[in-house]
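Commentary on secondary and tertiary structure
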Amino acid sequence: MDIKDTARPLDGAGVSAFLRSLPAQPLLLGLGEARHFVDELGEARNELFRHLAEHEGYRAFAIESDCLLGLVVDEYVTTGEGTLDDVMERGFSHGFGAFPANRELVRWMRAYNEEHDEQLRFFGFDGPLEYWAASPRQALTGLYDLLDGPLPGAVVTRETLDALLGEDEQWANEATAMDPSQSIGRSEEAQRLRLIADDLAALLDTQAPQLGARDAERAALYARTATGLLRYHYWMADSSPARWARLSALRDAMMAANLRAVAGHGPALVFGSNLHLQRNKSLMAFGDQRLEWWGAGAIAAAHLGDGYAFLASAFGTVGDDVPSPDTLEGALSELPWDRSLVDPRGLAGAVTAPAPRVSRDFAYFPLDAAHLGLIDGIVFLDRAVRLKKLG
């Protein structure tokens, strides 16, 4: 099979044809990043989302960024509250607010909503964490305040809640990433807060009928974030060899829970690392360990079935790193388009026994021929040269 027979240009017609080829229209369409902070991929993503919103009825966008900070962006795109500069500074984690493509996407979503009755929504789907985790204060107190009335007071008073939380700095101590002894995740206060968070989450279920739709949505976000953060902090204090695999799995489980909530506002385009959105098990070398865990995409697919679809991204030239012709990316570099949409099963038939790519860019995750059968499509960029510093 000729490599050109496996692909077509990445444009609106190609994307719509791809969607029609799926067994069902997905509630979540994941677009994976082979590397963060690639301008060319951000621009292609924006064009893809504009087409999906204008021609395929997509109503939401979700990005691998702090789910609580994402509330700031969603408020802006749906109501116009705040300024674009402020939203980009306060509404993203991991440095994503400084990424030009994200700024352009937020600006366009706001402009779209000003002209349409049916609003687009914006979501962050990561937890408030990186290798360490934030304080659960915002999630716990936000949930407590939304429930209001006498019942939350039967679980815990606001004064006791504040006392148990203590100073936020002790929770957000970055040194805990490498030193579990510095974590307060198994302190008496943290253990009590886990029980309180569980009780408040259960209380939310009993009070849901009296909450408006937006308050109920936000309360559910606070509930799963509070319980997830406290669970993550508990395992931050673990000193066993299983620590990092467990933390990686917990982070993706939080992502998956957020994605399932986003699916309720779908169809939605989801943008994040290939490692988080792929269906196959995630593998990563970490020191002398080999970590294995199921990512958010795999978990979401287990719950949504055909309601989840995954487009992996891959690049030919990455910076000054040119792929060898005998790799998958090397073969795809022969395509005549700058941006292509590739059928992974056709690619597997066209390129047999490819060599694995070893990129000089440590942040780039190459295609793996063994996993092509678990990908619905590949967004291939011939060149990714406008790269930003990570983190």
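Everything numeric in this text was worked out from a predicted model, so none of it was measured. (Residues numbered from 1 in each chain as written. Predicted model: local features only at pLDDT ≥ 70, side-chain atom pairs only at ≥ 80, totals over all residues. Heavy atoms only, no water.)

1. With respect to the side chain of Ser340
What counts here: Helix and strand labels come from DSSP, where a helix needs a run of H or I of at least four residues and a strand needs a run of E of at least two; each type is numbered from the N terminus. Contact between two residues is taken to exist if any of their heavy atoms lie within 4.5 Å; hydrogens are not considered.
Tracing the chain through its elements places Ser340 in strand β9 (residues 339-342). If near-sequence neighbours (up to four positions away) are discounted, Ser340 is found in contact with Ala7, Arg8, Pro9, Leu10, Leu335, Ile378, Val379 and Phe380.

2. Let's talk about unusual backbone geometry
Glycine aside, residues mostly have negative phi angles, and peptide bonds mostly take the trans form. Keep this limit in mind: The rule is simple: take the accessible area with a 1.4 Å probe, protein chains only, and divide by the maximum for that residue type; under 20% is buried, over 50% is exposed, in between is partly exposed.
With an omega of 5 degrees, the peptide bond between Gly266 and Pro267 qualifies as cis. The residue Pro267 is located in the loop between α12 (243-263) and β5 (268-273) in this model. We note that Phe37 has phi near 60 degrees; this positive angle belongs to a residue other than glycine. Residue placement: Phe37 occurs in the loop between β2 (28-33) and α2 (39-55). Non-glycine residue Ala353 carries a positive phi angle of around 50 degrees. Among the secondary structure elements, Ala353 is positioned in the loop between α16 (344-350) and β10 (377-384). Judged by relative accessible area, which is 79%, Ala353 ranks as exposed.

3. Looking at the pattern of salt bridges
Applied cut-off: Put simply, a salt bridge is a Lys or Arg side-chain nitrogen that is within 4 Å of an Asp or Glu carboxyl oxygen.
With the rule as written, the count across this model stands at 23 salt bridges. Residues participating in the shared-partner salt-bridge network are Arg137, Asp145, Arg158, Asp162 and Asp168.

4. A short note on helix α8 (residues 158-165)
Filter applied, for reference: Directions from the helix axis toward the C-beta atoms define the arc.
Taken as a whole, α8 has its buried residues at Leu161, Leu164 and Leu165. Angular distribution of buried residues about the axis of α8 spans 100 degrees; they occupy a single face of the element. In this structure, α8 carries Glu159 and Ala163 as exposed residues pointing more than 90 degrees from its buried face. Those residues of α8 that are buried are in contact with α6 (137-147), α9 (168-171) and α10 (188-207).

None of this, on its own, says anything about what the molecule does.
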